[in-house]
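Here are the chains, one letter per residue:
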Amino acid sequence: MDERLYYEDAYLTRFSAQVMERLTHEEQPAVRLSRSVFYPTSGGQPHDTGGLDGTAVVDVQVGADGAVLHLLTEPLPDGTESVRGKIDWTRRYDHMQQHSGQHLLSQTFYRLLGLETVSVHFGDVLNTVDLDGPPLSAAQLTDIETAANGMVWQNRPIRAYWVNEEERAKVPLRRAPTVHGATRIVELDKFDWSACGGTHVRRTGEIGLISLLRFEKHRGRSRVHFVCGGRALADAAQRRGLLAETAGLLDSGVDDVPELVSKQQEALKGAERELKALREELVGYQTRELLAAAEIVGSLRLVAEALNDSEPASVQRLARTLIAEPGVVALLGCAQRGKGTVVFARSEDCSVHVGSLLRDTLKQFGGGGGGRPDFAQGGGVAAERLGDVLGAALEAVRREVSS
């Protein structure tokens, strides 16, 4: 196995190494080096990026034989036997803060609530821990966040060291490792002991602010979203900015935002109730007007109307109101963004199959649709042909009723 320099010094950013092998991995040029500072994706922690003599390293993985593979944007120049490497320190330090913060958080969840961490995910923006236990309350989350940040302020040392199996049995590990033989332990002084190959900060104070953003139920467990350090600072700044912007829109101070938003929500609910009543009143008016102008064929009243200023949902509501009356066949349409939509419906005491009528009519005009014998909807025709569609359907109903 190649020498992994980050095991001994996570703060090392530059190194030199011999090129041991050139290869193609996942259709990208790659190299294996005699030693490396680059951390490969493993243990949930994302890989480092950086460069080898100016050639960008875009991914780092562990090969099938355990070697660290550096995936490149282009092959190294022919004849290159040694390289100087440099990692993206900003990315590495961010990962160190997130990973160290997760260790602290997981132990805090266990000590305060008895909840085991069953899985961890480190994302580019947010991180998550999945906990084996019932859903958390907001109060519990606050207690955990307060306790975890208290540990940060204590600025306890974080150490990494190797133990053999006999020594490992004496370490109070939070979770038993699945590996055998020598094991790397990451210890948050007298608080947490974890078997881990990741990179970590030297003291808890470097983790910075730990912010628990939200929690949710996930497959019967609690999933907590969190950020640490620089990410937490950026998140707090963004939220502060959004709150200030909201206060500006409300022409108020930030402390007044919750009360004003609550009042606006109540006002909005009242406006929605009023709008609903007005819509119902409008539908009633339209229904009376359309029925008064309906064509009488035998015992039926035929309503054919293009409502170009209406939306399909409004046309559906109108159709249902019309067919609540006996002996009505409603052939309605509307147009939006150059496309026509039609809704055909009939009263319960009518025998016209409007699903078949709609399908057959739209087929003549290049559209499509269908539905039940008493209610159907379709479209796909040009808006300017809407009148022709309704006219053809009306004529078909006349023929059926008169035959």
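These numbers come from a predicted model, not from an experiment.

## Some details on unusual backbone geometry
- At glutamate 26, a position not held by glycine, the phi torsion is positive, near 50°.
- The phi dihedral of aspartate 53 is positive, around 50°, even though this residue is not glycine.
- Tracing the sequence through the fold places aspartate 53 in the loop between β5 (50-52) and β6 (55-62).

## Observations regarding the pattern of salt bridges
- One pass over the structure, following the stated rule, counts 17 salt bridges.
- We note a salt bridge from arginine 231 to aspartate 94, for which the minimum N-O separation is 2.8 Å. Placement of arginine 231 in helix α4 (residues 229-249) and of aspartate 94 in helix α1 (residues 89-113) is noted, with a sequence separation of 137 residues between them. Across the pair, aspartate 94 and arginine 231 agree in class, each one buried.

## What to know about the nonpolar core
- Leu104, Leu105, Phe109, Ile210, Leu212 and Val224 are the most contacted members of the largest nonpolar core, which totals 28 residues.
- The set of elements that each furnish at least two residues to this core consists of α1, β10 (127-132), α2 (138-154), β12 (183-188), β14 (210-218) and β15 (221-228).
- The element best represented in this core is α2, accounting for five residues.
- Apart from the residues lying within four places of it in its own chain, the contact partners of leucine 104 are Ala148, Met151, Val152, Leu188, Phe191, Thr204, Ile207 and Ile210.
- Counting residues in hydrophobic clusters, the runner-up holds 23 residues, among them Leu302, Leu331, Val342 and Cys350.

## What to know about the packing of aromatic side chains
- Per the counting criterion, the structure on display carries seven aromatic pairs.
- Judged by centre distance (5.1 Å) and plane angle (65°), the ring pair of tyrosine 6 and tyrosine 39 falls under edge-to-face. Highlighted residues: tyrosine 6 in the loop between β1 (3-4) and β2 (14-25) and tyrosine 39 in the loop between β4 (35-36) and β5, separated in sequence by 33 residues.
- Residue tyrosine 39 is classed as buried on the basis of its relative accessible area of 2%.
- Measuring from centroid to centroid gives 6.0 Å for phenylalanine 15 and phenylalanine 38, while their planes differ by 75°, and the two rings are edge-to-face. Of this pair, phenylalanine 15 sits in strand β2 while phenylalanine 38 sits in the loop between β4 and β5; the two residues are 23 residues apart in sequence, bridging distant segments of the chain. Of the two residues, phenylalanine 15 and phenylalanine 38, neither departs from the other in class, the shared state being buried.
- Put simply, the rings of Tyr6, Tyr7, Tyr39 and Trp162 pair up and form one aromatic cluster.
- Against the face of tyrosine 11 rests arginine 202, its NZ or CZ located 3.6 Å from the ring centre.
- The side chain of arginine 320 reaches across the aromatic face of phenylalanine 375, ending 4.4 Å from its centre.

## Here we look at the domain arrangement of the protein chain
- Segmentation of the protein chain into domains returns domain 1 (3-87), domain 2 (93-247) and domain 3 (291-402).
- For domain 2 and domain 3, the distance between their C-alpha centres works out to 62 Å.

## Observations concerning the sheet that holds β10
- Strands sit in the order β9-β10-β15-β14 across an open sheet of four strands; the sheet is antiparallel. Looking at which strands have only one partner, the edges of the open sheet turn out to be β9 (116-122) and β14. Each adjacent strand pair in this sheet contributes to an overall mean axis angle of 25°, direction not counted.
- Two elements, β9 and β10, share six bridges in a ladder whose sense is antiparallel. Each residue of the ladder has a partner; that of valine 120, found in β10, is valine 129.
- In the packing of α1 onto the sheet, the strands contacted are β9, β10, β14 and β15, and the crossing angle to β15 comes to about 140°.
- In the packing of α4 onto the sheet, contacts are made with β10, β14 and β15, and the angle to β15 comes to roughly 90°.

## Concerning the sheet that holds strand β19 (residues 339-346)
- On the basis of which strands lie adjacent, the open sheet formed by six strands has the order β16-β17-β18-β19-β21-β20 and mixed pairing. With one partner strand each, in any of the chains shown, β16 (295-297) and β20 (368-371) form the two edges of the open sheet. Between one strand axis and the next, the sheet turns by 15° as a mean value, whatever way the strands run.
- Where helix α8 (residues 386-402) meets the sheet, its contacts fall on β16, β17 (300-306), β18 (328-336), β19 and β21 (375-382), and the angle it forms with β18 comes to roughly 170°.

## With respect to the packing of helix α7 (residues 354-364) against α8
- Contact geometry for α7 and α8: axes closest at 10 Å, N-to-C directions at 130°. By the angle between their axes, α7 is oblique relative to α8. The handedness of the crossing between α7 and α8 comes out as right-handed. Of the residues in α8, those touching α7 at Leu357, Thr361 and Leu362 are Val389, Ala392, Ala393, Ala396 and Val397.
- Among the residues forming the contact of α7 with α8, the class breakdown is seven nonpolar, one polar and no charged.

Analysis parameters
- Residues numbered from 1 in each chain as written.
- Predicted model: local features only at pLDDT ≥ 70, side-chain atom pairs only at ≥ 80, totals over all residues.
- Heavy atoms only, no water.
- Helix = DSSP H or I, 4+ residues; strand = E, 2+ residues; numbered from the N terminus.
- Salt bridge = Lys/Arg side-chain N within 4 Å of Asp/Glu carboxyl O.
- Buried < 20%, exposed > 50% of the residue type's maximum accessible area, 1.4 Å probe, protein only.
- Core = buried A, V, L, I, M, F, W, Y, C linked by side-chain atoms within 4.5 Å.
- Contact = heavy atoms within 4.5 Å.
- Phe/Tyr/Trp six-rings, centres within 6.5 Å; stacked < 30°, edge-to-face > 60°.
- Lys NZ or Arg CZ within 6 Å of the ring centre and 35° of its normal.
- Domains from an automatic or database assignment.
- Pairing = 2+ DSSP bridges.
- Axes fitted to C-alpha atoms, helices over the stretch in contact; angles between N-to-C directions.
- Parallel < 35°, antiparallel > 145°, perpendicular 65-115°, else oblique.
- Left-handed = near helix turned anticlockwise from the far one by under 90°.
- Nonpolar A, V, L, I, M, F, W, Y, C, P; charged D, E, K, R; others polar.

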